[in-house]
Amino acid sequence: MKDKKLLIVGELNVDLILNDIGGFPKIGTEIVANQMDFTLGSSSAIMASNISVMGTKTAFCGKIGLDRFGEFVQGELKKKNVDTRFISNSQNHKTGITVVMNYDQDRANVTYCGAMEDLTIKDIPWDTLGQYDHLHLSNYFLQKGIQKDIIQVFKQAKEAGLTTSLDLQVDPENKWNFDYKNVLPFVDIFLPNQSELLGLTGMKNLESAIAEIKPYVNTIVVKMGYEGAMLISEDKKYTLKPFLNKKFRDAIGAGDSFNAGFIHEYLKEASWEECLENANLMGSLSTTFAGGTAAFTSTDEIQEKKQQIQKKEL
Ligand SMILES: Nc1ncnc2c1ncn2[C@@H]1O[C@H](COP(=O)(O)OP(=O)(O)OP(=O)(O)O)[C@@H](O)[C@H]1O
Ligand SMILES: [Mg+2]
């Protein structure tokens, strides 16, 4: 089987991560963070970076500003062998940034979207799409320029013969204005987390949320943090506990690393069980370092750490 190629369409930004903070910030006061990291951010870029290190040939389509943060983002992706030829410069906005304030397992984020809002359907390299096998899109609600054409993006990708996946991510406005009934039929794998699925369907529990969305999805994979994950495809259901580790640092990018682990196996035509297991392992691995990409250094090292996590040695 030839190696399948992935095109990720999505948002780009840097992450400024503040750790070990002395309480919640309050207006008019100053508090101290005892640790700081500056890393590649954004759901789509973290997934691209990690899946590329796993060995999947990956190209990225996105927008940055004409500034140092943009250079940093592009440089980090190139270092991980991601093809950046479809990343272009916004004429109107600076590169996005998220300031992350970490409190134990959870976090408070502030994002300046910037250039990511300028990405439109026209920026997708439709004339070369046939060279790719799979299109993934992440973080719908932050990408205002792509929202009105979201049905068309997935429909055209399917018409070009690609398989597709979507990680909606959270809606910061909590309005959940996403036409799932008309988009999801063109999405092969839908990858929400539990609270996003509840937000989107307006349901109070997971069971009713799945019942509501089931008629429109092909395969749905629900991420459930340190409770693991669940996959439903047609009338089959799989659940898997997470692989807990002893080196937990933060959960930033765990979901994106999960996506990377899942799609990496999916593109090798692995079984759902294998996709789900690799996804959970990569989600767990991601939590052993600060930020979303630091744990993913080389294919060999990922393989080694994966075995250590399975044997509970990490
Ligand atoms: N503490 C943990 N220990 C081990 N594995 C974890 C832990 N937290 C998350 N994971 C793994 O990562 C996966 C994705 O995490 P999570 O459910 O937080 O995704 P998410 O909310 O979409 O995250 P993100 O904020 O990155 O989008 C989980 O399904 C699980 O496999
Ligand atoms: Mg997520």
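Attention in this report is confined to the structure presented alongside it. Keep in mind the model is a prediction, meaning the values are calculated, not measured. Counting of residues starts from 1 at the beginning of each chain's written sequence and follows it residue by residue. In the order they appear in the text, chains get letters beginning with A and ligands get numbers beginning with 1. Under the rules for a predicted model, residues below a pLDDT of 70 receive no local features and side-chain atom pairs below 80 are neither given nor counted, while totals for whole chains, interfaces and linings still include all residues. Note: side-chain values were computed over all heavy atoms of the structure, leaving out hydrogens and water.

## Description of a nonpolar patch on the surface
Right, on to step 1. Residues Met36, Phe38 and Phe69 make up a contiguous nonpolar surface patch of roughly 280 Å² in combined accessible area.
Right, on to step 2. Helix and strand definitions follow DSSP, with helices as H or I runs of at least four residues and strands as E runs of at least two, each counted in order from the N terminus. With respect to the helices and strands, phenylalanine 38 occurs in strand E3 (residues 33–40). Residues with no salt bridge and a relative accessible area higher than 30% make up the patches, which join like charges within 9 Å and nonpolar side chains (Val, Leu, Ile, Met, Phe, Trp, Tyr) within 5 Å. Here the Shrake-Rupley method, with its probe set to 1.4 Å, supplies the accessible areas, and only the displayed protein chains count as covering residues. For salt bridges, the criterion is a side-chain nitrogen of Lys or Arg within 4 Å of an Asp or Glu carboxyl oxygen.

## Some words on unusual backbone geometry
What you tend to see is this: most non-glycine residues have negative phi, and most peptide bonds are trans.
Right, on to step 1. For asparagine 174, which is not a glycine, the phi torsion comes out positive at approximately 55°.
Right, on to step 2. When you line up the elements, asparagine 174 lands in the loop between strand E9 (163–167) and helix H5 (180–183).
Right, on to step 3. Unusually for a residue other than glycine, glutamate 234 sits at a positive phi of about 50°.
Right, on to step 4. Examined against the element boundaries, glutamate 234 turns out to sit in the loop between strand E12 (229–233) and strand E13 (236–240).
Right, on to step 5. The classification of residues rests on relative accessible area computed with a 1.4 Å probe and restricted to protein chains. Under 20% of the type maximum is buried, over 50% is exposed, and intermediate values are partly exposed. On the accessibility criterion, glutamate 234 (62% relative accessible area) is exposed.

## Regarding the site of ligand 1
Right, on to step 1. The full set close to ligand 1 counts 21 residues, and Arg107, Asn193, Gly225, Gly255 and Asn280 are the nearest of them.
Right, on to step 2. A distance of 3.0 Å separates an oxygen atom of ligand 1 from a polar backbone atom of glycine 228.
Right, on to step 3. Protein chains bury 90% of the 630 Å² of accessible surface belonging to ligand 1 in isolation.
Right, on to step 4. Only helix H8 (254–266) and helix H9 (272–286) provide two or more residues apiece to the shell around ligand 1.
Right, on to step 5. When the residues that make up the shell around ligand 1 are grouped by side-chain class, the tally is seven nonpolar, eleven polar and three charged. Here a residue is considered near a molecule or strand provided that any single heavy atom belonging to it is located within 4 Å of it. Polar contact criterion, stated in full: a pair of N or O atoms within 3.5 Å, where within protein one must be able to donate a hydrogen and the other to accept it, and residues adjacent in sequence count only if both atoms are side-chain atoms. Residues are grouped as follows: Ala, Val, Leu, Ile, Met, Phe, Trp, Tyr, Cys and Pro are nonpolar; Asp, Glu, Lys and Arg are charged; every other residue, Gly included, is polar.

## Some details on the sheet that holds strand E1 (residues 5–9)
Right, on to step 1. Pairing between two strands is assigned when DSSP locates at least 2 bridges connecting them. Across the sheet, which stays open at both edges, the nine strands sit in the order E5-E4-E1-E8-E9-E10-E11-E12-E13 with mixed pairing between neighbours. Each edge of the sheet is formed by a strand with only one pairing partner; in this case those strands are strand E5 (83–89) and E13.
Right, on to step 2. Where strand E10 (residues 189–190) lies against strand E11 (residues 219–223), two bridges are found, and the strand directions are parallel. Residue pairing for E11: isoleucine 189 is matched across the bridge by threonine 219.

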